[in-house]
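What follows is the residue order along each chain.
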Amino acid sequence: MNTIICKHCGKEIEISEALLHQVEEKVRKDVSEDTKKQIEKVRLESLEKAKKEFESLNKEEVERLKKQNAEFREQELKLREEKQKIEEEKKQIVLEVERKIDEERKNIAEKIVKEEEEKYRFK
């Protein structure tokens, strides 16, 4: 039986067990490193895919918002034009009412003058 002494604990260990232990440790380490690398690779690929999807969605959303913004601007322009038209119509109506009032005052004044003249003639 081939044995060696463990440098850590000082016990006598069979060589085949020591080699087996070393090989197991190396395999575990290699597998662990490979697994970490694969996990990191998958993580990076997932991040990249998610980033591309987000950018694609973001571009679509930006385009939709731009289109919506343009529509809102058009609506605002139409509303402003309608408001201006209504204000002009209101001014026109006020002007017409003022003219009619002035005409009625004139008519009333003429009527009063005629009545007073007739009263004066009858006296």
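Residues numbered from 1 in each chain as written. Predicted model: local features only at pLDDT ≥ 70, side-chain atom pairs only at ≥ 80, totals over all residues. Heavy atoms only, no water.

(A) The overall build of the protein chain, seen in detail. A tally of helices and strands in the protein chain yields one helix and two strands. Against the globule reference of 14 Å for 123 residues, the protein chain gives a C-alpha radius of gyration of 50 Å, more extended than a compact globule. Dimensions of the protein chain, computed from C-alpha atoms along their principal axes, come out at roughly 165 × 30 × 10 Å. Relative to its 123 residues, the protein chain shows a buried fraction of 2%. Summing over all exposed atoms, the protein chain offers an accessible surface of approximately 12,500 Å²; the carbon and sulfur share of this is 55%. (Helix = DSSP H or I, 4+ residues; strand = E, 2+ residues; numbered from the N terminus. Rg over C-alpha atoms; globule rule 2.2 N^0.38 Å. Buried < 20%, exposed > 50% of the residue type's maximum accessible area, 1.4 Å probe, protein only. Areas by Shrake-Rupley, 256 points an atom, 1.4 Å probe, with all protein chains shown as cover.)

(B) View of the pattern of salt bridges. Taken as a whole, this structure holds six salt bridges when the rule is applied. The salt bridge involving K119 is made with E116; its shortest N-O contact spans 3.7 Å. Pair noted here: K119 and E116 are both in helix α1 (residues 15-122), with a separation of three residues, about one helical turn. When its relative accessible area of 44% is taken as the criterion, E116 is described as partly exposed. (Salt bridge = Lys/Arg side-chain N within 4 Å of Asp/Glu carboxyl O.)

(C) Region of the structure containing the confidence of the model for the protein chain. Averaged over the protein chain, the pLDDT score is 87; the fraction of residues at 70 or greater is 97%. Mean pLDDT in the protein chain bottoms out at strand β1 (residues 3-5), which sits at 75, and peaks at α1, which reaches 88. (pLDDT = per-residue confidence, 0-100.)

(D) The arrangement of the environment of R105 in detail. Here R105 lies in helix α1. For R105, a relative accessible area of 57% translates into the label exposed. R105 sits 28 residues away from L77 along the chain, and the two C-alpha atoms are 42 Å apart.

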